[in-house]
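# A structural walkthrough
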Amino acid sequence: RAPCRGVGLWRVYEHDAVGQNFRLPEMLAAVGCAAAEMLPVMIERKKAIHSWYETGFAARKELQGIQLQKAADGDSPVWWITAALLPDGISGETVGMRLMKDYPDIEIRPGFFPLNIMGIFRSPAVKSCPNSERLYHGLVCLPSSNQLTKPDIERVCDALADALSAVKVELAAQSK
């Protein structure tokens, strides 16, 4: 398990060594093979969940400035997780912590920690990756379990709209 950076529920996993993670006992491999039979059903379910998020975001003016992942023409994505990029100047961590404080049964997560910032990759040869750093600071990964229902997604959208609005109010008050 990778060490955690951050506090409370906002977990950021930073690896401290380069290596492989091949811990897959035969029993887990058998379970994985059996689960693979459901892959087409799971892919369709993930597409439905992503579509519900698109509809939920479009229906809420508070969420209009947020960018959801999009597929390019001709792509057939498997939406493993639905990620949302917040507007510039809005921290994913701030919005995420606010949401989980006000709605403790909803967990959203940060984007992945940029490799160029991890200690194991620090060297004079490593260059800045502004795009990955922007994504890390402004991205939130929304609940995407295949068990979610459309009302669950509606509730997540409402919670995100509430949290984003509260954070914008706090930022406006701080700038005065």
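Residues numbered from 1 in each chain as written. Predicted model: local features only at pLDDT ≥ 70, side-chain atom pairs only at ≥ 80, totals over all residues. Heavy atoms only, no water.

## What to know about the pattern of salt bridges
Where charged atoms from two side chains of opposite charge come close, those side chains can pair. Quick note on the threshold: When a carboxyl oxygen of Asp or Glu is within 4 Å of a side-chain nitrogen of Lys or Arg, the pair counts as a salt bridge. The helix count covers DSSP runs of H or I at least four residues long, the strand count covers runs of E at least two residues long, and both are numbered beginning at the N terminus. Partly exposed residues are those whose accessible area sits between 20% and 50% of the maximum for their type, while under 20% is buried and over 50% is exposed, using a 1.4 Å probe and protein chains only.
Enumeration according to the criterion identifies nine salt bridges in this entry. Here Asp105 ties to Arg155 by a salt bridge, and the two come within 3.0 Å at their closest N and O atoms. Remark: Arg155 occurs in helix H5 (residues 150-174) and Asp105 occurs in the loop between helix H3 (92-102) and strand E5 (109-110); sequence separation between them is 50 residues. With a relative accessible area of 56%, Asp105 lands in the exposed category.

## So, the sheet that holds strand E4 (residues 82-85)
Stated formally: Paired strands, in this sense, are two strands between which DSSP finds at least two bridges.
Judged by pairing direction, the sheet is antiparallel, and its four strands sit side by side in the order E3-E4-E6-E5 without closing on themselves. Single-partner strands in this sheet number two, and they are strand E3 (67-68) and E5. Strand direction decides the pairing type here: E5 and strand E6 (residues 139-142), joined by two bridges, are antiparallel. In the sheet register, Arg109 faces E6, and the bridge partner there is Cys141.

## A word on the packing of H3 against H5
For the record, the criterion: Inter-axis angles, ranging from 0 to 180 degrees, are taken between N-to-C directions of lines fitted to C-alpha atoms, where helices are fitted over the stretch in contact. For this classification, under 35 degrees means roughly parallel, over 145 means roughly antiparallel, 65 to 115 means roughly perpendicular, and everything else is oblique. Crossing handedness follows the turn of the near helix against the far one: under a right angle anticlockwise gives a left-handed crossing, and clockwise gives a right-handed one. We call two residues in contact whenever any of their non-hydrogen atoms come within 4.5 Å of each other. Residues are grouped as follows: nonpolar covers Ala, Val, Leu, Ile, Met, Phe, Trp, Tyr, Cys and Pro; charged covers Asp, Glu, Lys and Arg; every other residue, Gly included, is treated as polar.
Remark: H3 packs on H5, axes separated minimally by 9 Å, with the N-to-C direction vectors making an angle of 120 degrees. One element, H3, and the other, H5, form an angle in the oblique class. Where H3 crosses over H5, the two elements pack in a sense that is right-handed. Seen from H3, the contacting residues are Thr94, Val95, Arg98 and Leu99; seen from H5, they are Ala159, Leu160, Ala163, Leu164, Ala166, Val167 and Glu170. Across the contact of H3 with H5, the residue classes break down as eight nonpolar, one polar and two charged.

## Notes on the nonpolar core
Considering soluble globular proteins, one finds that nonpolar side chains tend to be buried as a cluster. Worth spelling out the cut-off: Among buried residues, the Ala, Val, Leu, Ile, Met, Phe, Trp, Tyr and Cys ones that are joined through side-chain atoms within 4.5 Å form a nonpolar core.
Counting residues in hydrophobic clusters, the biggest one holds 28 residues, and the most contacted among them are Tyr53, Phe57, Leu99 and Leu142. Taken together, the elements giving at least two residues each to this core come down to helix H2 (39-58), H3, E6 and H5. When residues of this core are assigned to their parent elements, the largest contribution, nine residues, is made by H5. With residues up to four places along the chain from it excluded, the contact list for Leu99 reads Ile106, Ile108, Ala159, Leu160 and Ala163.

## Focus on the packing of aromatic side chains
Heads up, the rule is: Pairs were defined over the aromatic rings of Phe, Tyr and Trp, the Trp ring being its six-membered one, requiring ring centres within 6.5 Å. Orientation was assigned from the angle between planes: stacked under 30 degrees, edge-to-face over 60, tilted for the rest.
Taken as a whole and assessed by the stated rule, the structure comprises three aromatic pairs. When the centroid spacing of 6.4 Å and the interplanar angle of 10 degrees are considered together, the rings of Trp80 and Phe112 count as stacked. With a gap of 32 residues between them, Trp80 in the loop between E3 and E4 and Phe112 in the loop between E5 and helix H4 (130-138) connect regions that are remote in the sequence. With a relative accessible area of 57%, Trp80 lands in the exposed category. Considering the side-chain rings of Phe113 and Tyr136, the 5.2 Å spacing of their centres and the 90 degrees angle between planes classify their relative orientation as edge-to-face. Taken together, the positions of Phe113 in the loop between E5 and H4 and Tyr136 in helix H4 put the pair 23 residues apart, joining distant regions of the chain. Assigned by exposure class, Phe113 and Tyr136 land together as buried.

## Observations concerning the side chain of Lys46
Put simply, the rule is: Positive charges come from Lys and Arg, negative ones from Asp and Glu, while His and the chain ends are left out of the count. Here a polar contact means two N or O atoms within 3.5 Å. Within protein one must be a hydrogen donor candidate and the other an acceptor candidate, and residues neighboring in sequence count only if both atoms are side-chain atoms.
Of note, Lys46 is situated in helix H2. Here Lys46 occupies a buried position and makes no salt bridge, while the nearest side chain of opposite charge, Asp152, is found at 12 Å. Side-chain polar atoms of Lys46 contact the backbone oxygen of Trp80, separated by 3.1 Å.

## Some remarks on the pairing of E4
Neither face of E4 is exposed, since Thr82 and Ala84 on one face and Ala83 and Leu85 on the opposite face are all buried. As paired elements, E4 and E6 share four bridges and run antiparallel to each other. Bridge pairing links Leu85 to Leu139 in E6.

Everything listed here is a matter of geometry and, on its own, says nothing about what the molecule does.
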